[in-house]
Amino acid sequence: MRTQVGIVGAGPAGLLLSHLLYLEGIESVVLESRSRDYVEARIRAGVLEQGTVDLLTETGVGDRMKKEGMVHHGIELRFGGQGHRIDLHELTEGRAITVYGQHEVVKDLIAARLEAGGEVIFEAEAVDVESLDSQNPTVRYRKDGEDHELRCDFVAGCDGFYGVSRDSIPEGVLTVYERRYPFAWLGILAETPPSSEELIYTYHERGFALHSMRSPELTRLYIQCDPDDDIEDWSDERIWEELHARLATDEGWALAEGPIREEGRGITPMRSYAVEPMQYGRLFLAGDAAHIVTPTGAKGMNLAVADVRVLARALAGFYASGQTELLDRYSETCMRRVWLAQRFSWWMTAMLHRFDSSDEFQHRLQLTELDYVTSSRSAAKTLAENYVGLPMDLDLGTASTPVQGTSA
Ligand code: FAS
Ligand code: PHB
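Residues numbered from 1 in each chain as written. Chains lettered and ligands numbered in written order. Predicted model: local features only at pLDDT ≥ 70, side-chain atom pairs only at ≥ 80, totals over all residues. Heavy atoms only, no water.

So, on to the packing of aromatic side chains. The full count for this structure, using the stated rule, is 15 aromatic pairs. Pairing Phe154 with Phe284 gives two aromatic rings, centres 6.2 Å apart and planes at 55°, and the pair type is tilted. With Phe154 in strand E12 (residues 154-157) and Phe284 in strand E19 (residues 283-285), this residue pair connects regions lying 130 residues apart in the sequence. Both residues of the pair, Phe154 and Phe284, count as buried. Taken together, a centroid distance of 5.1 Å and an interplanar angle of 15° make the contact between Trp185 and Phe208 stacked. With Trp185 in strand E13 (residues 175-190) and Phe208 in the loop between strand E14 (199-202) and strand E15 (209-215), the pair connects residues that are 23 residues apart, well separated along the chain. Phe208 shares its class with Trp185; the two are buried. Taken together, the ring pairs in this structure connect Phe154, Phe284, Phe318, Tyr319 and Tyr330 into an aromatic cluster. Against the face of Phe161 rests Arg166, its NZ or CZ located 5.0 Å from the ring centre. (Phe/Tyr/Trp six-rings, centres within 6.5 Å; stacked < 30°, edge-to-face > 60°. Helix = DSSP H or I, 4+ residues; strand = E, 2+ residues; numbered from the N terminus. Buried < 20%, exposed > 50% of the residue type's maximum accessible area, 1.4 Å probe, protein only. Lys NZ or Arg CZ within 6 Å of the ring centre and 35° of its normal.)

End to end, helix H1 (residues 12-23) covers 16 Å across 12 residues, agreeing with the expected 16 Å (1.5 Å per residue, within 8%). Where burial is concerned, most of H1 is hidden: 10 out of the 12 residues are buried. All buried positions along H1 are accounted for by Pro12, Ala13, Gly14, Leu15, Leu16, Leu17, Ser18, His19, Leu20 and Leu21. (Expected span 1.5 Å × (residues − 1).)

The next point concerns the packing of helix H8 (residues 300-321) against helix H10 (residues 330-352). For the pair H8 and H10, the least separation of the axes is 10 Å and the interaxial angle reads 160°. By the criterion of interaxial angle, the relationship of H8 to H10 is roughly antiparallel. Handedness of the crossing formed by H8 with H10: right-handed. Note on element contacts: H10 touches H8 through Tyr330, Thr333, Cys334, Arg337, Val338 and Ala341, opposite Leu303, Ala306, Asp307, Val310 and Leu311. Its residues placed into classes, the contact of H8 with H10 shows 8 nonpolar, 1 polar and 2 charged. (Axes fitted to C-alpha atoms, helices over the stretch in contact; angles between N-to-C directions. Parallel < 35°, antiparallel > 145°, perpendicular 65-115°, else oblique. Left-handed = near helix turned anticlockwise from the far one by under 90°. Contact = heavy atoms within 4.5 Å. Nonpolar A, V, L, I, M, F, W, Y, C, P; charged D, E, K, R; others polar.)

Moving on, we get to the site of ligand 1. In the vicinity of ligand 1, 32 residues are found, and the nearest of them are Glu32, Arg42, Arg44, Gln102 and Asp288. Taking Glu32, its side chain carries an N or O atom lying 2.7 Å from an oxygen atom of ligand 1. At a separation of 3.0 Å, a nitrogen atom of ligand 1 approaches a polar backbone atom of Ala126. Expressed as a share of its isolated accessible area of 990 Å², the protein-covered part of ligand 1 is 86%. At 3 residues, the largest contribution of residues to the shell around ligand 1 is made by strand E9 (residues 124-130). Residues that form the shell around ligand 1 fall into these classes: 15 nonpolar, 9 polar and 8 charged. (Near = heavy atom within 4 Å. Polar contact = N/O pair within 3.5 Å; in protein donor to acceptor, adjacent residues only side chain to side chain. Areas by Shrake-Rupley, 256 points an atom, 1.4 Å probe, with all protein chains shown as cover.)

Lining the immediate surroundings of ligand 2 are 14 residues, of which Tyr201, Ser212, Arg214, Tyr222 and Pro295 lie closest. The contact in question runs from an oxygen atom of ligand 2 to an N or O atom on the side chain of Tyr201, over 2.7 Å. One nitrogen or oxygen atom from the main chain of Ala298 is found 3.5 Å from an oxygen atom belonging to ligand 2. Computed on the free molecule, ligand 2 has an accessible area of 280 Å², of which 97% lies beneath the protein chains in the complex. Looking at the shell around ligand 2, the elements that each hand over two or more residues are E14, E15 and strand E16 (218-225). A per-element tally of the shell around ligand 2 places E15 first, with 3 residues.

Below, the discussion takes up the environment of Val99. Looking at where Val99 falls in the secondary structure, it is placed in strand E7 (residues 97-99). The class of Val99 is buried, set by a relative accessible area of 1%. Val99 sits 177 residues away from Glu276 along the chain, and the two C-alpha atoms are 31 Å apart. Setting aside anything within four residues of it in sequence, one finds Val99 in contact with Gly46, Gly69, Met70, His72, Leu199 and Met213.

Bringing the pattern of salt bridges into the picture now. According to the stated counting rule, one finds 26 salt bridges in the structure shown. In this structure, the salt-bridge partner of Glu93 is Lys381, at a minimum N-O distance of 3.1 Å. A residue pair is termed long-range when its members are at least 10 positions apart, and Glu93 in the loop between helix H5 (88-91) and E7 and Lys381 in helix H12 (residues 377-387) qualify at 288 residues. You can call Glu93 exposed: its relative accessible area is 58%. The closest approach of N and O atoms between Glu332 and Arg329, which form a salt bridge, is 3.5 Å. (Salt bridge = Lys/Arg side-chain N within 4 Å of Asp/Glu carboxyl O.)

And the structure:
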């Protein structure tokens, strides 16, 4: 089989890239190792940045998100038994976040691609990506027990952290940046209306907790746990006990309980990871295949969206006029946003989690950081502008483009 752009992975990165290329009249084939049901049911991210919402809306795949997504103008930081609201909307001159599950975005994108006659081949596992330094790279994949090959002009490696694309780049090309954390997140989906209108991030001596949601009937909750914990170690009772303790306030705020669903119940290791460059020959990495950020900043999926927006524009330039400048600078362009997101995600993680290695001085520093960010307008503004998402013009490739509000 042959196509212009071979895309490995039908997560947010791969599916949105295929959709953006379609809008430019560029054909692609998406290869996905799992079934359609599996990827549409996989519970992951929940927060869409303003830029992501705008892009999905502008490109015609945001209708259900606009109807069912929950627009939030603020978040709460909770510590010392007190809640402190960060007014994202006011601090960013009207920008906001939208809570809408990643799996819902995946459903909308799959529906849009199939409706447009796009090729998304499920249960097709890419096993190798070859001839990357030629003009005809090839993706080898297995489907129904048989070997197949997809010859392309370009390959987009959108196959996540555990995919094959990154590993197909020869030894010695990539620089890897990695930080592992001494904790993980245990996540659950509880069938109960959220106990708060907005997200609550809490710092507590027993550990971090996060109250989020997926709909007016479904609450999404996380607690910091040991990275070696087994989900079987965590009974429903133990989970609720920790959530009540960590989210408690002096004003007697109460967390509603509800049946915990099997899907979405899991332990996610915590790491910061990035490879540079995000490209080699005619292979371009996007999303988790190139970088992982700690979920405390709610950046993971949004970074994947930003990468493919840059890649789609670069490929459109190539097919329209043969120019390769945007393609040649793809990694450099994406990396600025990636590192700004790495910084913010690391900062939120360091501020809100308990580190066993910390001494009293460190604990006081964390409480002081929280005190400062909830009492200083300047400090709150830095959190707000990163949380709602840095403006998309950051990716125009003009590295000197200032971050919003700074002078040149
Ligand atoms: P994805 O991993 O979503 O998609 C990659 C796709 O490639 C998958 O469908 C996979 O099946 C497929 N694939 C892999 N190998 C393949 C092969 N060899 N051949 C064909 N297909 C292959 N981010 C947040 O912002 N907030 C969160 O709360 C959050 N929670 C997370 C929880 C978990 C358990 C995980 C793993 C990630 C979480 N993330 C979160 C990050 C997550 O949302 C990612 O940033 C997002 O899925 C990135 O999207 P993609 O780059 O498309 O990668
Ligand atoms: C979620 O709702 O899944 C979520 C929200 C905010 C985060 C991480 C996850 O920082």
